[in-house]
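Residues per chain, in single letters:
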Amino acid sequence: TGRIEPIGAALDIPPDLRVYDWPDATITPGFVLGAAGVAGQHSGDESIGAGYRAADEFNQYGEYRAWLAGGVTTVHLNPGWHRLVSGRGAVVRLGGAVDERVLVEQADLTVNLGSRVGNPPNLVKELVPPTGDTPIVPAEPQRPSTRLAQMLALREAIHAAQQGNYTDPFGDFDMHRAALADAWRNRAPLRVQAQEAIDLDSAISFLVGAERNGYIVGGAEVSEVADRLRETSVGLIYTLDPAFRSPARNLGNNPDAADQLGQDLAKLRDVRLGLGLAPGQPVEDLR
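Parameters and conventions
Residues numbered from 1 in each chain as written. Predicted model: local features only at pLDDT ≥ 70, side-chain atom pairs only at ≥ 80, totals over all residues. Heavy atoms only, no water. Helix = DSSP H or I, 4+ residues; strand = E, 2+ residues; numbered from the N terminus. Contact = heavy atoms within 4.5 Å. Areas by Shrake-Rupley, 256 points an atom, 1.4 Å probe, with all protein chains shown as cover. Lys, Arg positive; Asp, Glu negative; His and termini not counted. Charge placed at Lys NZ, Arg CZ, Asp CG, Glu CD. Phe/Tyr/Trp six-rings, centres within 6.5 Å; stacked < 30°, edge-to-face > 60°. Buried < 20%, exposed > 50% of the residue type's maximum accessible area, 1.4 Å probe, protein only. Expected span 1.5 Å × (residues − 1). Polar contact = N/O pair within 3.5 Å; in protein donor to acceptor, adjacent residues only side chain to side chain. Core = buried A, V, L, I, M, F, W, Y, C linked by side-chain atoms within 4.5 Å. Salt bridge = Lys/Arg side-chain N within 4 Å of Asp/Glu carboxyl O. Axes fitted to C-alpha atoms, helices over the stretch in contact; angles between N-to-C directions. Parallel < 35°, antiparallel > 145°, perpendicular 65-115°, else oblique.

Draft legend 1. Region of the structure containing the overall build of the protein chain. Helices and strands together make up the secondary structure of the protein chain, namely six helices and eight strands. Moving toward the C terminus, one meets the helices and strands of the protein chain in the order β-α-β-β-β-α-α-β-α-β-α-β-α-β. Each principal axis of the C-alpha atoms in the protein chain carries an extent, and together these give about 85 × 45 × 45 Å. For the protein chain, long-range pairs separated by at least 24 residues make up 66% of all intrachain contacts whose partners lie at least 6 apart in sequence. Working note: accessible area of the protein chain is about 16800 Å², and carbon and sulfur atoms make up 51% of it. Each charge sign in the protein chain was given a centre, from 26 positive and 37 negative side chains, and these centres are 2 Å apart.

Draft legend 2. Structural context of the packing of aromatic side chains. For the coordinates displayed, the defined rule picks out three aromatic pairs. Judged by centre distance (5.8 Å) and plane angle (10 degrees), the rings of Phe-58 and Tyr-64 are stacked. The residues Phe-58 and Tyr-64 share a single accessibility class, namely buried. A connected cluster of aromatic rings, assembled from ring pairs, spans Phe-58, Tyr-64 and Trp-67.

Draft legend 3. View of helix 2 (residues 150-162). End to end, helix 2 covers 18 Å across 13 residues, agreeing with the expected 18 Å (1.5 Å per residue, within 8%). Every buried residue of helix 2 is listed here: Gln-150, Met-151, Ala-153, Leu-154, Ala-157, Ile-158, Ala-160 and Ala-161. For helix 2, the secondary structure elements touched by its buried residues are strand 3 (85-93), strand 4 (102-112), helix 3 (175-185) and helix 4 (197-210). Positive phi shows up at Gly-164, right after helix 2, with a value of about 85 degrees.

Draft legend 4. Summary view of the side chain of Arg-212. Of note, Arg-212 is situated in the loop between helix 4 and strand 6 (214-218). In terms of polar contacts, Arg-212 uses its side chain to reach the backbone carbonyl oxygen of Trp-184, at 2.9 Å. For Arg-212, the residues in contact, after removing those within four places along its chain, are Trp-184, Arg-187, Leu-190 and Leu-207.

Draft legend 5. The arrangement of unusual backbone geometry in detail. Residue Pro-144 is reached from Arg-143 by a cis peptide bond, and omega for that bond is 0 degrees. Along the chain, the position of Pro-144 falls in the loop between strand 4 and helix 2. Even without being glycine, Asp-270 reaches a positive phi, approximately 70 degrees. Along the polypeptide, Asp-270 turns up in the loop between helix 6 (257-267) and strand 8 (273-277).

Draft legend 6. Summary view of the nonpolar core. Core analysis: the largest hydrophobic core is formed by 57 residues, its most contacted members being Leu-77, Ile-216 and Leu-229. The residues touching Ile-216, leaving out its near neighbours within four places in the chain, are Val-192, Leu-200, Ala-203, Ile-204, Leu-207, Leu-229, Val-234, Gly-235, Leu-236 and Ile-237. Ala-35, Trp-81, Tyr-215 and Ile-237 belong to the second largest nonpolar core, which has five residues in total.

Draft legend 7. Main features of the pattern of salt bridges. Under the criterion given, the structure shown has 11 salt bridges. The shortest N-O distance in the salt bridge between Glu-156 and Arg-143 comes to 2.5 Å. Pair noted here: Glu-156 is in helix 2 and Arg-143 is in the loop between strand 4 and helix 2, with a separation of 13 residues, a long-range link. Residue Arg-143 is classed as partly exposed on the basis of its relative accessible area, which comes to 39%. A single network of salt bridges, built from pairs that share partners, joins Arg-53, Asp-56 and Glu-105.

Draft legend 8. Structural detail: the packing of helix 2 against helix 3. Where helix 2 meets helix 3, the closest approach of the two axes is 8 Å, and the angle between their N-to-C directions is 85 degrees. Viewed along their axes, helix 2 and helix 3 adopt a mutual orientation that is roughly perpendicular. Within the contact between the two elements, helix 2 uses Ala-157, Ile-158, Ala-161 and Gln-162 and helix 3 uses Arg-177, Leu-180, Ala-181 and Trp-184.

In structure tokens, the structure reads:
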């Protein structure tokens, strides 16, 4: 903002204007990366981890020159892929004044669907203080235990939060349930991360049924649900996951990567689309 003045052919260009001659360069706006592991991911045991905030893990003083050099200026901080509700995402810029880098501190509520969210660890109540007067409480299993149960577990957690039930299985205050209630009450945008077709279909149904602003992140098998995305106008952050580099990072591009990407994007015509990176993909490779 404020850096570009008029654009067009009939401009009065001052004769002493400095000229930069980059004949082989392409100038674009900075890339906005819709999914990236720039900040630390939620690593707690709770299957419902709505209280985690990715913005709290972002290093505002960090050095991001390699990513800026690759054209990425703004990123969404993904709170994680491994829990049913992994927390609140954020939007940050990678350059500029330190106190202006966090653009949206709590941008959305992140939900994950798929095999990786199944069978979360049992919840254990720590003995505080660890004395003989404090009874040992058995560990409590968490849901979902199967892919079939993940939507039921999600809806039950949302319903309990709406009813003001902010207690964990041990009867103690649960900050994550309270955070889930706050996000739902304030109509936080829903970010549903899914890769496989069965989970993408569930994500579309959840977003349409919730009647909330939201979008899907992932889409490894999106070609199978592309028609439904168009019909429902649900947006997609397509996460790139090609093997652009070998483990040694010096053998060049995977010749099959561009073909698969082109096939998927062709099927996503007229779908509201953004780009992100799958877990583990380097930010500097986005371009």
